[in-house]
Amino acid sequence: QLVESGGGVVQPGTSLRLSCSASGFPFSNYGMHWVRQAPRGGLEWVSFISFDGSERRYADSVKDRFTISRDNSKSSLFLDMNSLRAEDTAVYFCADLSRWGQGTLVTVSS
Amino acid sequence: DIQMTQSPSSLSASVGDRVTITCQASHDISNFLNWYQQKPGKAPKLLIYDASSLHIGVPSRFSGSGSGTHFTFTISSLQPEDTATYFCLHTDDLPYTFGQGTTLQIK
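Treat the numbers as computed from the prediction; the structure is a model and nothing was measured.

1. Some remarks on the environment of arginine 70 of chain A
All names here are of chain A. The topology assignment puts arginine 70 in strand S7 (residues 66–71). Residue class for arginine 70 comes out buried when judged on its relative accessible area of 14%. As a C-alpha pair, arginine 70 and tyrosine 58 span 12 residues in sequence and 15 Å in three-dimensional space. Ignoring any residue separated from it by four or fewer positions in sequence, one finds arginine 70 in contact with Phe27, Ser28, Tyr30, Gly31, Met32, Ile49, Ser50, Phe51, Gly53, Ser76, Leu77 and Phe78. Within the structure, the side chain of arginine 70 is placed 3.4 Å from the backbone oxygen of phenylalanine 51, a separation counted as a polar contact. Looking at arginine 70, its side chain comes within polar contact range of the side chain of asparagine 72, at 2.8 Å.

Next comes the structure, spelled out in structure tokens:
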């Protein structure tokens, strides 16, 4: 099971940290992703971190603003989002692409 | 980056019908393709991985085929609970990209 938290309504230019708590599977063995879905409905891959955190990748749309990290001792995944823009408004899912959380809504609005 | 073109964007079919959705990749992705079902307010649910492998617990009426650049997703006999949006996702190399989605409705 994956459970996201940390979403909310924030102003443009501010920061937010999303968390994802994993249970029921060996989290430390799996690469993990963040995927978002904007209100218009399309899915966008955002970021990936390898099982041990040694590899991190980002979509061009969030590169240099978002940082993915994990704490395997706590079976947790994180997404630090800085310099947020209106176009970052979306439901953010954590996933290993077979298991998905229920998502957390981030709204960037003044 | 690899682009995924999914069609149709929407379709309406009757219970018992055979339904087909296609995804075209801009480059050869071998069989690195997943298919997902998403219902409103819910997370995507994996149905097919590696283009044709049925994920555990998924009914056998769902199937996938294809390799390289052309992929097909089929529901052999449409059921009322299959009303949803379906997405393809290539997993060949990062960045992964999704198809635009197909909204399936029951007539």
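Structure's up, so let's keep going.
2. Regarding the interface of chain A and chain B
Interfaces are frequently sized by the accessible area removed from exposure as the parts join. Counting residues at the interface gives 15 residues for chain A, matched by 16 residues for chain B. Summing both partners gives a buried area of about 1200 Å² for chain A against chain B, and 69% of it is carried by carbon and sulfur. Among the residues chain A hides against chain B, the three largest losses belong to Leu43, Trp45 and Leu97 of chain A. Together they make up 44% of the total. At the junction of chain A with chain B, the criterion picks out zero salt bridges. Looking at the side of chain A that touches chain B, the elements with two or more residues in it are strand S4 (32–37) and strand S5 (43–49) of chain A. Taken together, the residues of the side of chain A that touches chain B sort by class into seven nonpolar, five polar and three charged.

3. Side note on the pairing of strand S5 (residues 45–49) of chain B
Regular strands show a simple pattern: their side chains alternate between the two faces of the sheet. All names here are of chain B. Looking at chain direction, strand S4 (residues 33–38) and S5 are connected through three bridges and run antiparallel. Paired with glutamine 37 across the bridge in S5 is lysine 45. What sits between S4 and S5 in their antiparallel hairpin is a turn of six residues, with glycine 41 showing a positive phi close to 75°. Examined bridge by bridge, S5 and strand S6 (residues 53–54) share two bridges and lie antiparallel to one another. Within S6, the residue paired with isoleucine 48 across the bridge is leucine 54. Hairpin connection between S5 and S6: a loop of three residues separates the two successive antiparallel strands, and aspartate 50 in this loop has a positive phi of roughly 50°.

4. Brief notes about the sheet that holds strand S9 (residues 90–95) of chain A
The strands that make up a sheet are held in pairs by hydrogen bonds between backbone atoms, and each pair lies either parallel or antiparallel. Residues and elements named next belong to chain A. Pairing in this open sheet of six strands is mixed, and the strands run S2-S10-S9-S4-S5-S6 from one edge to the other. Each edge of the sheet is formed by a strand with only one pairing partner; in this case those strands are strand S2 (8–10) and strand S6 (56–58). Geometrically, the sheet is characterised by an average inter-axis angle of 25° between neighbouring strands, direction not taken into account. Across three bridges, S5 lies against S6 in antiparallel orientation. Paired with phenylalanine 48 across the two strands is arginine 57, which belongs to S6.

5. Thoughts on the layout of surface pockets
Taken as a whole, the largest pocket encloses approximately 480 Å³ of empty space. Lining the largest pocket are 27 residues; nearest its centre among them are Leu43, Glu44 and Trp45 of chain A together with Tyr96 and Thr97 of chain B. Among the secondary structure elements, those contributing two or more residues to the lining of the largest pocket are S4, S5 and S6 of chain A together with strand S10 (97–98) of chain B. Considering each element in turn, the lining of the largest pocket owes the most residues, three residues, to S5 of chain A. Class assignment for the residues of the lining of the largest pocket results in 11 nonpolar, eight polar and eight charged. Looking at the lining of the second largest pocket, the elements that each hand over two or more residues are S4 and S5 of chain B. Tallied by class, the residues present in the lining of the second largest pocket amount to six nonpolar, four polar and two charged.

6. What about the state of the cysteines?
All names here are of chain A. For the structure shown, the criterion picks out two disulfides over all chains. In this model cysteine 20 forms its disulfide with cysteine 94; the gap between the sulfur atoms is 1.9 Å. Residues cysteine 20 and cysteine 94 are joined by a disulfide whose S-S torsion is about 50°; by sign, that bridge is right-handed. With cysteine 20 in strand S3 (residues 16–22) and cysteine 94 in strand S9, this pair connects stretches of sequence that are 74 residues apart.

Rules used throughout
Residues numbered from 1 in each chain as written. Chains lettered and ligands numbered in written order. Predicted model: local features only at pLDDT ≥ 70, side-chain atom pairs only at ≥ 80, totals over all residues. Heavy atoms only, no water. Helix = DSSP H or I, 4+ residues; strand = E, 2+ residues; numbered from the N terminus. Buried < 20%, exposed > 50% of the residue type's maximum accessible area, 1.4 Å probe, protein only. Contact = heavy atoms within 4.5 Å. Polar contact = N/O pair within 3.5 Å; in protein donor to acceptor, adjacent residues only side chain to side chain. Buried area = accessible area lost by both parts, 1.4 Å probe. Salt bridge = Lys/Arg side-chain N within 4 Å of Asp/Glu carboxyl O. Nonpolar A, V, L, I, M, F, W, Y, C, P; charged D, E, K, R; others polar. Pairing = 2+ DSSP bridges. Axes fitted to C-alpha atoms, helices over the stretch in contact; angles between N-to-C directions. 1 Å grid on protein atoms, 1.4 Å probe; cavity = no way out; pocket = protein on both sides within 12 Å on 5 of 7 lines; lining within 4 Å. Points joined across faces, edges and corners; volume = space filled by probe spheres on them. Disulfide = S-S within 2.5 Å.

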